[in-house]
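Structural characterization, general
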Amino acid sequence: MSAFSRLVSGTTAAWLKIIITLISQLAIVPLYLSFWDIETYGVWLAVWAFQALLTMLDIGHQNYLGYKFLKLGLQPQREQLGLHLCSGMIIGFFLGAFQLVVVVFICLSNRLGQLLSTAIDLDDQLLRDAGIVLMLQSATWMLTGSAGGICGRALYAFDYYPRMAWWGVLMAFANALIPAIGVVLGAGLLQTGINLVLSTWLVNFFLYVDMFSLFKKEGIPFNRWNLRLGFQNWVNSLALSWKSLLENWQVGGVRLMVSSLAGTQALVTFTTIRTGANFAMQGLHSITDPLMPELMRFLHQRDQARSEIAFSTVWMILVGVMAPMVVLLQAFITPLYAIWTRRKLDFDPALFAYLSIGVLVYALAQPAIAIVLGNNLLRQQLIINTGAALILVIGVFLLVPWIGIKGAGLALLISELIMTAAYFKVAIKWLETNQLMWPKRIATLALLAVIIAGTISLAMVYWPGSRWVLVTIGLVALVANTVSFWKELPLLARDRAKTLMNKIPLICNFRAF
C-alpha cells in the first residue's frame, strides 16, 4: 500500500470512528433515558469517567513506547523493538493490576458511593452493580486493553496504522451497539456493563489474532524481555502520563466532581449539555490536526509568510464559521434540547454558553499550542497544564455548591482562558527567539470574534426576550470582523481559503445548482 493510500485509509477510518461516536452519543441520551431513570444513567456516566481517569497512567506509558517504536522501526531494529514490546507488555499488565487493586479497595471499603455522589444517597443495589462493572472493566483493561494498546503502537512503526484504525472503528461500533441493544431489551446497569465487557473481549480476540499474525510476518520476536528496561521506560513515561491525566481531567475529572458535589442527576444534565461542545471539539480537530504538521514544517524552516498562512487558516475557521455558529446555537438550542432529551432533563443556557465559549477559546489557542507541542517544550506544557488543572479543581469546588452545575462550566472557561494566555506567552517568546513574528493583527481579530460571540451568547442568557435583536447585532458584528480578517490575510492565504471552500461538498453542489 502506498503512502497516499495509507493516508487516505487512515483518515477515512478516523472520520468513520468520529461519525459512529457522534451518532451513538446523539442516540444514546434519548435511548437510555427512555429505559433507565436519571440516577442509573448518571451512575453509568460516572463509572465511565472514573475508569477513563484510571487508565491515564497506562496511556502515557503506551504513548511513550509508541514514540520509541517509531524510532526503532525506522532502522529497523526488530530485536530491540521486540525487547521493548515484551518488556512494555509486562509492565502494562502490572499497571492494569494496580488499577484493579485500587478499584477493589474502593469497592470493599464502601467508598464508591462517596466517589460517585456525596450530594444524594445512592441505592445500595445500584452501588453494588456499579462496583462490579468497574471491577470487570478494570480486569478487562488489565488483560487486553493495556497490552493491546502497546501492540497496536508497535505495528504503527511498520505502516499498519490504517489497519489498526479500522479495528478501532469496529470496537467503537460494537461498544456502542451491543450495550444499547441490551438496554432496549431491558438490561440494567450491571447487565449492560457485562454486555460491554463481552463485546470488548469479542473484538479483542480477533484483533489479537490479527496483530500476532502481523508480528510474525514482520519478524518481531517475542522471546525476550527485561523488567529493568520496562520499568525504566515506564519511569520515563511519567511526564507524558501526568500530562495525559491533566488533559483528561477536564473531561472525566470534572464529571466526577460534578457527580460528587451535585449528584448523578446533575451529572447527566452536565454531560448532555456538554455533548454539543464535544462535537465542536471533534470537528475542530478534524480540520486543524492535518494543518499542524504543515505549520511545524514552516516554523522549522523559519518561513514567516507560510507560517502566517497556517495560523490564518486555523483562525479563519474560528472567525468565519465557529463564532457565528455559537451565536446561532445559543438562540435555537433550548427547543432542540427539549426534543432530544424527551423533556426529562432541564436545560441551563448559562452552562451551554460557558462551554461554547470555552470551545472558541480552545480554537483560538490552537496555533500557540501547536508551537509548544511541536517543539517538545515539555516543561512549559507541564507547568501550564498543572496550573490550569489546579484552577479548574478549585473553581469547581467553589462554584458548583454556590451556583450549581453552571459553576463547572464557568470553572472550565476560566481554566481555558488562563491556559490559552499562558500558551500564547510561551509561543510568542519561542517565535521571537527564533527570529519569527507573532501575527498580531489577525490574532487580535480572531480574539475579537471570540469576544463578540461570547458577549452575545451570555447576553442572550440574561436577556432572553431580546435574543433576536442580540443575534442580529452579533451576526452583523461578526460579519464585519470576518471582512476585516479577510482583508488582513496575505494573498496566498486567501487563495488557499478559496481552494478549501471549493472542496466543501455543500458549496460545490450550491454552485453547480
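Look up: the structure comes first, before these words.
Structural notes, computed from the coordinates. (Residues numbered from 1 in each chain as written. Predicted model: local features only at pLDDT ≥ 70, side-chain atom pairs only at ≥ 80, totals over all residues. Heavy atoms only, no water.)

**A few points about helix α15 (residues 378-403)**
- In a regular helix each residue adds 1.5 Å, so 26 residues correspond to 38 Å; α15 covers 36 Å between its end C-alpha atoms and thus fits that length.
- At Val 396, α15 is deflected by roughly 25°, the largest bend along its length.
- Along α15, the residues that are buried comprise Gln 381, Ile 384, Asn 385, Ala 388, Ala 389, Leu 392, Gly 395, Val 396, Leu 399 and Val 400. (Helix = DSSP H or I, 4+ residues; strand = E, 2+ residues; numbered from the N terminus. Expected span 1.5 Å × (residues − 1). Bend = angle between axes of the 7 residues up to and from the residue. Buried < 20%, exposed > 50% of the residue type's maximum accessible area, 1.4 Å probe, protein only.)

**Details of the pattern of salt bridges**
- Within the structure shown, the criterion is met by five salt bridges.
- We note a salt bridge from Arg 78 to Glu 218, for which the minimum N-O separation is 3.2 Å. Taken together, the residues span a long stretch of sequence, with Arg 78 in helix α4 (residues 78-108) and Glu 218 in helix α8 (residues 189-218) at a distance of 140 residues.
- A relative accessible area of 16% places Glu 218 in the buried class. (Salt bridge = Lys/Arg side-chain N within 4 Å of Asp/Glu carboxyl O.)

**Overview of the side chain of Ser 415**
- Within the secondary structure, Ser 415 sits in helix α16 (residues 406-433).
- Here Ser 415 is in contact with Gln 250, Ala 388, Ile 391 and Leu 392, once residues within four sequence places are set aside. (Contact = heavy atoms within 4.5 Å.)

**Overview of the packing of aromatic side chains**
- Tallied over the entire structure, the rule returns 16 aromatic pairs.
- Ring centres of Phe 215 and Phe 222 lie 5.2 Å apart, and the angle between their planes is 65°; on these two criteria the pair is classed as edge-to-face.
- A relative accessible area of 28% means that Phe 222 is categorised as partly exposed.
- Through a chain of ring-to-ring contacts, the aromatic side chains of Tyr 32, Trp 36, Tyr 41, Trp 44 and Trp 48 assemble into a single cluster. (Phe/Tyr/Trp six-rings, centres within 6.5 Å; stacked < 30°, edge-to-face > 60°.)

**What about unusual backbone geometry?**
- For Asn 110, which is not glycine, the phi torsion reads 60° and is therefore positive.
- If you check the backbone angles, Gln 435 has positive phi at about 55° while not being a glycine.
- Residue class for Gln 435 comes out exposed when judged on its relative accessible area of 67%.

**Quick notes on the environment of Met 142**
- Tracing the sequence through the fold places Met 142 in helix α6 (residues 124-156).
- Residue classification places Met 142 among the buried positions, given a relative accessible area of 12%.
- Taking the C-alpha atoms as reference points, Met 142 and Leu 100, 42 residues apart in sequence, are found 7.6 Å from one another.
- Once residues lying within four places of it in the same chain are set aside, the contact partners of Met 142 are Phe 93, Gly 96, Ala 97 and Leu 100.

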